[in-house]
Amino acid sequence: METVRTADYFYVMVPDKPGEGARILGELKRAGVNLVAYSGFPSGRGAQLDLVPTDPAAFKALAKEKKWKVKGPKRTFLIDGDDRLGACADVLARLAAAKINVTAMDAGAPPGGGRYAANLFDTHAHLHFPEFAGDLDLVLERARAAGVQRILTNGTDVPTSRAAAAIASREPDVWAAVGIHPHESAEADDAALAEIERLAGKPRVVAIGETGLDFFRNLAPRDVQERAFRSQLALARRTRKPVLVHCREAHEEALRLIAEVDVREAGGIMHCFSGDVGIARRCLDLGLLVSLAGPVTYPKPGALPEVARFVPGDRLVVETDCPFLPPQPYRGKRNEPAYLAITAARVAELRGEPLAELAARMSENGRALFSL
Ligand SMILES: [Zn+2]
Ligand SMILES: [Zn+2]
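Scoring rules and cut-offs
Residues numbered from 1 in each chain as written. Chains lettered and ligands numbered in written order. Predicted model: local features only at pLDDT ≥ 70, side-chain atom pairs only at ≥ 80, totals over all residues. Helix = DSSP H or I, 4+ residues; strand = E, 2+ residues; numbered from the N terminus. Buried ≥ 20, exposed ≤ 12 C-beta atoms within 10 Å, placed from the backbone. Contact = placed C-beta atoms within 7 Å. Domains from an automatic or database assignment. Core = buried A, V, L, I, M, F, W, Y, C linked by C-beta atoms within 7 Å. Pairing = 2+ DSSP bridges. Axes fitted to C-alpha atoms, helices over the stretch in contact; angles between N-to-C directions. Expected span 1.5 Å × (residues − 1). Right-handed = clockwise from strand over helix to strand, strands pointing away. pLDDT = per-residue confidence, 0-100.

### Details of the overall build of the chain
Secondary structure summary: the chain contains twelve helices and twelve strands in total. Each of the three principal axes of the chain carries a C-alpha extent, and together these read 80 × 45 × 40 Å. Considering the chain as a whole, with its 372 residues, one finds that 41% of them fall into the buried category. The contacts of the chain with a sequence gap of at least 6 include a subset with a gap of at least 24, amounting to 72%.

### Details of the domain arrangement of the chain
Per the domain assignment, the segments making up the chain are domain 1 (3-80) and domain 2 (120-369). Once you take the C-alpha centre of each, domain 1 and domain 2 turn out to be 45 Å apart.

### Here's the deal with the nonpolar core
In terms of nonpolar packing, the biggest core is built from 84 residues, with Ala176, Val178, Ile208, Val290, Leu292, Ala341 and Ala344 touching the most fellow members. Element by element, the count of residues in this core is highest for helix H11 (residues 340-351), at seven residues. Residue contacts for valine 290: discarding those within four places in its chain leaves Met270, Phe273, Ala280, Cys283, Leu284, Val307, Val311, Arg315 and Leu316. Within the second largest apolar cluster, eleven residues are counted, among which are Tyr9, Val12, Leu51 and Ala63.

### Observations concerning the sheet that holds strand E6 (residues 148-154)
Read from one edge to the other, the open sheet built from eight strands follows the order E5-E6-E7-E8-E9-E10-E11-E12, with strand pairing classed as parallel. Looking at strand neighbours, the two that pair on one side only are strand E5 (120-125) and strand E12 (316-318), the edges of this open sheet. Going from strand to strand, the sheet's axes swing by 30° on average, the running direction of each strand aside. Relative to strand E11 (residues 288-292), strand E10 (residues 268-270) runs parallel, the two sharing three bridges. In the strand pairing of E11, methionine 270 is matched with valine 290. Of the strands in this sheet, E6, strand E7 (174-178) and strand E8 (205-214) are in contact with helix H5 (residues 158-170), which crosses E7 at around 160°.

### Some words on helix H7 (residues 222-239)
With 18 residues, H7 should reach 26 Å at 1.5 Å per residue; the first-to-last C-alpha distance of 26 Å fits that figure. For H7, the full list of buried residues reads Gln225, Ala228, Phe229, Ser231, Gln232, Leu233, Leu235 and Ala236. Positioned one or two residues after H7, arginine 240 has a phi angle of 55°, which is positive.

### What about the pairing of E11?
Regular strands have side chains that alternate between both faces of the sheet. Most of E11 is tucked away, with five of its five residues classed as buried. The side-chain alternation of E11 yields two buried faces, one formed by Leu288, Val290 and Leu292 and the other by Leu289 and Ser291. Between E10 and its parallel partner E11, the chain crosses via helix H9 (residues 277-285), and the hand of that crossover is right-handed. When E11 meets E12, the two strands line up parallel, connected through three bridges. Its bridge partner lying in E12, valine 290 is registered against leucine 316. Once the chain exits E11 it traverses helix H10 (residues 304-310) before rejoining the sheet at E12, and the crossover so formed is right-handed.

### Section: the confidence of the model for the chain
Residues at a pLDDT of 70 or more form 95% of the chain, whose mean pLDDT is 92. Residue range residues 110-116 is modelled with pLDDT below 50. Its contacts to residues more than four positions away, or to other chains, number 22 contacts.

### Looking at the pairing of E8
Where burial is concerned, most of E8 is hidden: nine out of the ten residues are buried. Judged from the three bridges that link them, E7 and E8 form a sheet pairing that is parallel. Each bridged residue has a counterpart across the sheet, and for alanine 176 the counterpart in E8 is valine 205. Alignment of E8 against strand E9 (residues 243-248), held across five bridges, turns out to be parallel. Opposite threonine 211, over in E9, you have valine 245 as the bridge partner.

### Things to note about unusual backbone geometry
Look at the link from glycine 72 to proline 73: it is a cis peptide, with omega at 10°. Note on placement: proline 73 falls in strand E4 (residues 69-80). Cis geometry marks the peptide bond from glycine 209 to glutamate 210; its omega dihedral reads 10°. Even without a glycine there, the phi angle at lysine 99 is positive, about 55°. Mapping lysine 99 onto the fold places it in the loop between helix H3 (87-97) and E5. At glutamate 249, a position not held by glycine, the phi torsion is positive, near 50°. By the secondary structure assignment, glutamate 249 is in the loop between E9 and helix H8 (251-261). Residue class for glutamate 249 comes out partly exposed when judged on the 15 C-beta atoms lying within 10 Å of it.

Here is the structure:
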């Protein structure tokens with residue numbers, strides 16, 4: 001999915017000698033005038049620099065002040081497309097098919113944008129799982145390079161909640177959630193819940209979870225799951241922290257319990273959303289955000305594309321749930337936060353929105369929920 005917009009471009013004539021480009025770009029830098037695109041080439045007896053500023057008025061003011069020989073503005077087209085192999089070839093092929101000639105074409109990441117510069121927030125990861133024990137530093141490095149600026153790592157029982165809090169205390173861009181997963185709910189006795197509550201008071205522990213109901217795998221009896229979930233919903237409410245809900249094949253029961261406890265004050269996230277639009281609407285009504293994970297990229301995504309389009313931009317977040325559920329190209333492998341860019345790109349494509357903008361908005365939703 002591409003969106004086309006127009007932009008002003010200017011050209012500055014300079015002597016054709018080394019350093020002229022650096023001089024102009026240096027002046028722009030000092031004046032805080034950002035560029036979307038830049039190129040330079042010999043022209044006549046000098047050289048021509050083509051510039052597409054993000055703020056044409058600021059550029060013109062600077063050019064006047066510096067007495068640059070500026071021509072323009074002329075109109076150029078900017079296409080916000082996918083940052084993928086072959087994207088430029090496809091655009092040129094379509095122009096050729098329509099018999100439209102082009103004199104110049106340039107490609108680059110938009111300011112603050114592009115797949116690898118997107119501002120992403122992985123709202124659900126398990127960085128403290130043994131799968132990452134050997135190379136967590138590299139995993140975090142790749143995440144940062146892929147634009148993942150924040151990660152929430154989620155405990156699933158008392159020891160992993162402790163480990164999550166420990167990673168969050170070490171890494172500047174990692175925060176923790178503490179809780180007992182429905183699979184482990186048989187362990188959620190008073191002592192365990194008291195320890196979760198104690199951990200919830202630690203710095204950089206910003207949410208309760210993951211908790212919820214899993215009637216798909218049923219690794220704990222349903223009444224035990226419900227009791228543990230209810231206790232943790234109450235804990236979230238008491239500590240005024242958002243709750244991270246895991247729900248598989250148990251939407252009716254989970255939504256009933258959430259409604260009973262009423263978590264709207266601090267909110268929460270329906271993580272790895274697996275329902276349809278009707279369930280999504282009910283989650284939103286109960287004060288939860290909807291989080292999409294790798295399955296939205298699968299060839300058989302069920303109702304998820306519809307859900308991706310339905311949820312308002314200010315109520316949507318994305319996650320990896322790593323090491324589980326890798327997006328399509330990495331299925332069968334270990335998932336990691338860097339792959340969040342793929343899921344986010346798919347959600348942006350489904351919504352017909354530029355990735356950079358959507359990613360920034362979803363990150364802001366997570367930041368606001370967890371008060372980061
Ligand atoms: Zn889960
Ligand atoms: Zn999880």
